[in-house]
Amino acid sequence: MAKCSICGKGVHFGNNVSHSNRKTKAIWKPNVKSVRAKVNGATKKIYVCTSCLKSGLVERA
């Protein structure tokens, strides 16, 4: 799974815990999009999470 090129947000691991306190493995993936953006004046395809896109940290090409 890809990581965000801006903030480094990636996959998180943990446990799903039921009401009876049984544990099963869980994985939470970030909402990462492939975006064409300007990087050092050149157009480049990078992976960016939607929170970075929404906050305006990325200048789209």
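For the structure, check the block above.
Residues numbered from 1 in each chain as written. Predicted model: local features only at pLDDT ≥ 70, side-chain atom pairs only at ≥ 80, totals over all residues. Heavy atoms only, no water.

A. Layout of the overall build of the chain. Counting secondary structure elements, the chain contains 1 helix and 4 strands. Order of helices (α) and strands (β) in the chain, N terminus to C terminus: β-β-β-β-α. Taken over the C-alpha trace, the chain has a radius of gyration of 16 Å; the compact-globule value for 61 residues is 10 Å, which it surpasses by more than 25%. The principal-axis extents of the C-alpha atoms in the chain amount to approximately 55 × 20 × 15 Å. Across the 61 residues of the chain, 21% fall into the buried class. For the chain, the computed accessible surface area is about 4,900 Å², with 49% contributed by carbon and sulfur atoms. (Helix = DSSP H or I, 4+ residues; strand = E, 2+ residues; numbered from the N terminus. Rg over C-alpha atoms; globule rule 2.2 N^0.38 Å. Buried < 20%, exposed > 50% of the residue type's maximum accessible area, 1.4 Å probe, protein only. Areas by Shrake-Rupley, 256 points an atom, 1.4 Å probe, with all protein chains shown as cover.)

B. Fine view of the state of the cysteines. What the rule picks out here adds up to 0 disulfides. In this model Cys4 remains outside any disulfide bridge; the closest cysteine sulfur is found in Cys7, 3.6 Å from its own. (Disulfide = S-S within 2.5 Å.)

C. Broad picture of the nonpolar core. Listed in full, the 10 residues of the largest apolar core are Ala2, Cys4, Val32, Val35, Ala37, Ile46, Val48, Cys49, Cys52 and Val58. Going through the elements one at a time, strand 3 (32-39) and strand 4 (42-49) are the ones with two or more residues in this core. Sequence-distant contacts of Val48, that is, excluding residues within four places in its chain, are made with Cys4, Ile6, Asn31, Val32, Lys33, Leu53 and Val58. (Core = buried A, V, L, I, M, F, W, Y, C linked by side-chain atoms within 4.5 Å. Contact = heavy atoms within 4.5 Å.)

D. Quick peek at the pairing of strand 2 (residues 23-28). Where strand 1 (residues 12-17) meets strand 2, 6 bridges bridge the pair, whose relative direction is antiparallel. Across the sheet, residue Asn15 finds its bridge partner in strand 2, namely Lys25. (Pairing = 2+ DSSP bridges.)

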